[in-house]
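Coordinate inspection notes
Here are the chains, one letter per residue:
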There are 2 protein chains.
Amino acid sequence: MLDDATARETVVAAADRLFYARGVQSVGMDAVRSEAGVPLKRIYALFRSKEDLVVAVLALRTKQWADGVERAAAGAGSPRERILAVFDFLDAWFREDGFRGCAFINSFGELGATSPRIADAVREHKESFRDHLLALVREAGLPDAVAVQVVLLVEGAQTTAAITHDADVARQARQAAAALLDAA
Amino acid sequence: MLDDATARETVVAAADRLFYARGVQSVGMDAVRSEAGVPLKRIYALFRSKEDLVVAVLALRTKQWADGVERAAAGAGSPRERILAVFDFLDAWFREDGFRGCAFINSFGELGATSPRIADAVREHKESFRDHLLALVREAGLPDAVAVQVVLLVEGAQTTAAITHDADVARQARQAAAALLDAA
DNA sequence: ACGGTGAGAGAACGGTCGTTCTCTCGTGGG
DNA sequence: CCCACGAGAGAACGACCGTTCTCTCACCGT
């Protein structure tokens, strides 16, 4: 038998794939079971409910997002370049097969009204990203307001790319962000 | 008995309220029936399926969005002011009770992967708004690229306002848009 | 070698969904 | 006055959901 930690990871990764591709409510727990290859009994020993599993999936996505943003920023020198590197990260992501927008925005739209725990998880994720950007903006010696402006471009790029299937919006968002940084 | 046209309007308006507040899949057809006060049999005579009803709801929202944008622009003089008026429209909307983000983005995240018709309706709505903005941008004598930049701010403002419950992002998005118009 | 522990597979359960059907009853024409 | 029509209310239906339970069997210490 797999130990609890790796079983958890397997289930969360499988659920993430399915939830992201089809939406949460369109995926039954039987499908998660099949995708993960972990018995339903075990899944319910690891997660009290489907809602718990969704929260765990969002926690995974939060870590992946933070890692991706950090890795993209690694090659950049100035704070300004580290801010703009976020859009290079988006660019690569938008081009991935099966890109379907921001999992947090999608989950919020689907379940935010009925599940406070999921709504909170989404809010915390977005707040932590805004805080990260705020730190970079301050490092760059720019006014705080710029951070929110960049956040708006990042969010807008994600939803627009998802709906239009046009990965080029990442480049356009980057140019807009650069213009806003220059203007500030 | 209500004639077909008004019965249709009643059902679509009721479904819109419920779907927007709770998400589509969280609302059963019985709830639509209660909210509208129209018998289930009648609803299924007017709409072939729940999916048809969702498409009709999105069509209503498309018209309301176009009307709202046009009304906000009515008081503005220059093309530039008509572009920025979109954000005043957003500001008022974000402050409404029960604001829960863009119904199109929410529906797309929830059902876009499983219902091509809904995905198409969302895409068409977003494209028509981008085209509208593109026309204004050209009237203002600005490069086409600015239209997409403004679209990104509009989309970003909607999702961010929904998640953070902070209506002030409309003002911040307006300032960012003004800066981008100036820079172009 | 063997009995017990616990894991896996999937059936079962109660509930809800979208959709259709049945039954009742008010109404309008002859 | 009566009958046929159609509309309304809600039961019924089959499918599927999240969650739990049952049964089987492989594996372990002694």
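None of these values were measured; they are calculated from a predicted model. Counting from 1, residues in each chain are numbered in the order their sequence is written. By the order in which they are written, chains take letters starting at A while ligands take numbers starting at 1. Totals for whole chains, interfaces and linings use every residue, but because this is a predicted model, local features are given only for residues with pLDDT of at least 70 and side-chain atom pairs only at 80 or more, for both listing and counting. The basis for every side-chain value is the complete set of non-hydrogen atoms in the structure, without hydrogens or water.

1. Quick word on the domain arrangement of chain A
Often the size quoted for an interface is simply the accessible area lost on bringing the parts together. Residues and elements named next belong to chain A. For each domain, the first and last residues come from an automatic or database assignment. Taken as a whole, chain A is organised into domain 1 (1–47) and domain 2 (58–183). Between the C-alpha centres of domain 1 and domain 2 the distance comes to 27 Å. Contact definition: two residues touch when any of their heavy atoms are within 4.5 Å. The interface of domain 1 with domain 2 comprises ten residues on the first partner and ten residues on the second. Buried surface at the junction of domain 1 and domain 2, summed over both partners, amounts to about 800 Å²; 49% is from carbon and sulfur atoms. Buried area, as used here, totals the accessible surface that two parts lose on assembly, with accessibility defined by a 1.4 Å probe and the loss added over both.

2. Some details on the protein's contact with DNA strand D
The environment of DNA strand D is formed by 13 residues, the closest being Gly28, Met29, Tyr44 and Lys50 of chain A together with Lys41 of chain B. Each residue is tested against the molecule or strand, and it is near if at least one of its non-hydrogen atoms lies within 4 Å. Sugar and phosphate atoms represent 71% of those atoms of DNA strand D found within 4 Å of the protein. Polar contact is defined as a pair of N or O atoms within 3.5 Å, subject to the rule that within protein one atom must be able to donate a hydrogen and the other to accept it, and that residues adjacent in sequence are counted only when both atoms are side-chain atoms. Residue Lys41 of chain B places a side-chain N or O atom 3.1 Å away from a base oxygen belonging to DNA strand D. Helix and strand labels come from DSSP, where a helix needs a run of H or I of at least four residues and a strand needs a run of E of at least two; each type is numbered from the N terminus. It is helix α3 (residues 40–46) of chain A that provides the largest number of residues to the surface near DNA strand D, a total of three residues. Residues belonging to the surface near DNA strand D are distributed by class as follows: six nonpolar, two polar and five charged. Each residue is assigned to one class: nonpolar for Ala, Val, Leu, Ile, Met, Phe, Trp, Tyr, Cys and Pro, charged for Asp, Glu, Lys and Arg, and polar for all the others, Gly among them.

3. Considering the protein's contact with DNA strand C
The immediate surroundings of DNA strand C are formed by 13 residues, with Lys41 of chain A together with Gly28, Met29, Tyr44 and Lys50 of chain B found nearest. Considering DNA strand C, the proportion of its atoms within 4 Å of the protein that are sugar or phosphate atoms stands at 72%. Within the side chain of Arg33 of chain A, an N or O atom sits 3.5 Å from a phosphate oxygen of DNA strand C. Contact distances for DNA strand C include 3.1 Å between a base oxygen and a side-chain N or O atom of Lys41 of chain A. Mapped onto the surface near DNA strand C, the elements with two or more residues apiece are α3 of chain A together with α3 (40–46) of chain B. Here the surface near DNA strand C gets three residues from one element, more than from any other, and that element is α3 of chain B. In terms of residue class, the surface near DNA strand C is made up of six nonpolar, two polar and five charged.

4. Details of the pattern of salt bridges
Residue and element names in this part refer to chain A. A pair is scored as a salt bridge if a Lys or Arg side-chain nitrogen falls within 4 Å of a carboxyl oxygen belonging to Asp or Glu. For the coordinates displayed, the defined rule picks out 28 salt bridges over all chains. Taking the shortest distance from any N to any O, the salt bridge between Glu139 and Arg82 comes out at 3.4 Å. Here Arg82 lies in helix α5 (residues 79–94) and Glu139 lies in helix α7 (residues 116–139), a separation of 57 residues in the sequence. The buried label applies to any residue whose accessible area, calculated with a 1.4 Å probe on protein chains only, is under 20% of its type's maximum; exposed applies above 50%, and partly exposed to all values in between. Residue class for Glu139 comes out partly exposed when judged on its relative accessible area of 48%. Across the pair Arg174 and Asp88 runs a salt bridge, and its minimum N-O distance is 3.0 Å. Remark: Asp88 occurs in helix α5 and Arg174 occurs in helix α9 (residues 169–183); sequence separation between them is 86 residues. For Asp88, a relative accessible area of 39% puts it in the partly exposed group. Here the salt bridges share partners, and the residues they tie into one network are Glu51, Asp52 and Arg117.

5. Description of the UniProt feature "domain: HTH tetR-type" (unreviewed entry) in chain A
UniProt positions are given in the numbering used here, feature names are shortened, and annotations may be inferred rather than shown by experiment. Residues annotated by UniProt as "domain: HTH tetR-type" (unreviewed entry) correspond here to residues 5–65 of chain A. Regarding residues 5–65 of chain A, the helix share stands at 80% and the strand share at 0%, and the terminal C-alpha atoms are separated by 21 Å.

6. Some remarks on the interface of chain B and chain A
Counting residues at the interface gives 38 residues for chain B, matched by 38 residues for chain A. Of the roughly 3100 Å² buried between chain B and chain A on both sides combined, carbon and sulfur atoms contribute 67%. In terms of surface lost to chain A, no three residues of chain B exceed Phe108, Leu152 and Ile163 of chain B, which account for 21% of the buried area on that side. Applying the counting criterion to the chain B and chain A interface returns zero salt bridges. Our count for the contact surface shared by chain B and chain A stands at four residue pairs in polar contact (both at pLDDT 80 or more). Listing elements by their share of the side of chain B that touches chain A, those giving two or more residues are α1 (4–22), α6 (103–111), α7 (116–139), α8 (145–164) and α9 (169–183) of chain B. In terms of residues, the side of chain B that touches chain A owes the most to one element, α8 of chain B, which gives 13 residues. Here the side of chain B that touches chain A is built from residues that sort into 18 nonpolar, 14 polar and six charged.

7. Brief notes about the relation of the copies chain B and chain A
The copies were overlaid by least squares, fitting only the C-alpha atoms of residues that reach a pLDDT of 70 or more in each copy. Mapping chain B onto chain A leaves a residual RMSD of 0.0 Å; the transformation is a rotation of 180° accompanied by 0.0 Å of translation along its axis. Such a turn and shift between the copies fits a two-fold axis. Of the C-alpha atoms belonging to chain B, the one lying closest to the rotation axis is found on Gly156 of chain B, 1.9 Å away. Take the interface residues of chain B: 100% of them recur as interface residues in chain A, which is what a same-surface contact looks like.

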